[in-house]
Amino acid sequence: MNRTTEDCQAPCVTLVGAGPGDPELLTLKAIKAIRRATVLLVDDLVGDGVLRYARRSARIIHVGKRGGCQSTPQAFIHRLMVAQARQGQRVVRLKGGDPFVFGRGGEECDALRQAGVQVTVVPGITAGIAAPAAVGIPVTDRRCAPGVAFVTGHAQPGGGGADWAALARSGLTLVVYMGVSAVGHIVQQLLEGGLAASTPAAVISAAHTPRQRQLRCTLATLAAELHTSGLASPAILVIGEVAALGAADIDAAVPGSLLGVG
Ligand code: SAH
């Protein structure tokens, strides 16, 4: 796993984290891997600017759920990666944020290894770090919280989802991914778990893109204000004292016009 993308012996796939959208938030390793790739399998939340690093001859396959369509079944993505890698292609699986944070990167690694395909992973800046930072929220500010919990607001089909009552008592900053549609349920569970209605909350949508917007409120008003604000997915919810910090007046981010990275 400590191999670099260059030493990865075929058949090989590199899982690359593309960060939150702004190509200037790619790592140098990510750019290098994208430039070498002959085939790229690309998720929805990968910013378009990121693909400018792909070679013109590369085959780019979008496997997200753009335009409200069904996303490509995970098993199909696994088969496609294995087949392309076995044909000797330099395959990059490009994912928004970090491949291992709510990105199914673990499942993809398992499937590839089981098929005898080597995997290397290039971490990326995850939305749960990047979105609060875009509006100046320090998620583990020691004056407010002893740590942070990254939680999905989207329960697994048939699965239980997060233990919101336990999180309410944890004292941690809560950074919620995929929380927009379930916000009413999340707020209700946190209030029932004993989290104060006056706890600060923030929502940052489309962070590090020209469409970035934010909302500051309290836990009590979060669901209603999110609804009336029109802020939509992709968005990160931040719940905890840190959500009162930072710059409530920053809106559209200015993604880099970039870049000349060697
Ligand atoms: N692997 C990704 C997360 C994939 S889950 C990562 O590490 O960031 C998808 C969720 O990530 C979205 O529903 C949203 O909650 C969050 N997200 C992704 N990009 C975002 C962005 N630019 N701004 C705000 N939230 C974002």
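None of these values were measured; they are calculated from a predicted model.

Asp 98, Val 101, Thr 126, Ala 127 and Ala 235 are the nearest of the 18 residues found near the ligand. Residue Asp 98 places a main-chain N or O atom 2.8 Å away from an oxygen atom belonging to the ligand. A distance of 2.6 Å separates an oxygen atom of the ligand from a polar side-chain atom of Thr 126. When the free accessible area of the ligand is taken as 550 Å², the share hidden by the protein chains comes to 91%.

Taken in spatial order, the five strands line up as β6-β7-β10-β8-β9 in an open sheet, and their pairing is mixed. Strands with a single pairing partner mark the edges of an open sheet, and in this sheet they are β6 (148-152) and β9 (213-218). Adjacent strand axes in the sheet meet at a mean angle of 20 degrees, parallel and antiparallel pairs treated alike. When strand β7 (residues 173-177) meets strand β10 (residues 235-239), the two strands line up antiparallel, connected through three bridges. The partner of Val 176 across the bridge, within β10, is Leu 237. In the packing of helix α7 (residues 222-229) onto the sheet, the strands contacted are β8 (200-205), β9 and β10, and the crossing angle to β9 comes to about 150 degrees.

Quick notes on the rules
- Residues numbered from 1 in each chain as written.
- Predicted model: local features only at pLDDT ≥ 70, side-chain atom pairs only at ≥ 80, totals over all residues.
- Heavy atoms only, no water.
- Near = heavy atom within 4 Å.
- Polar contact = N/O pair within 3.5 Å; in protein donor to acceptor, adjacent residues only side chain to side chain.
- Areas by Shrake-Rupley, 256 points an atom, 1.4 Å probe, with all protein chains shown as cover.
- Pairing = 2+ DSSP bridges.
- Helix = DSSP H or I, 4+ residues; strand = E, 2+ residues; numbered from the N terminus.
- Axes fitted to C-alpha atoms, helices over the stretch in contact; angles between N-to-C directions.
- Contact = heavy atoms within 4.5 Å.

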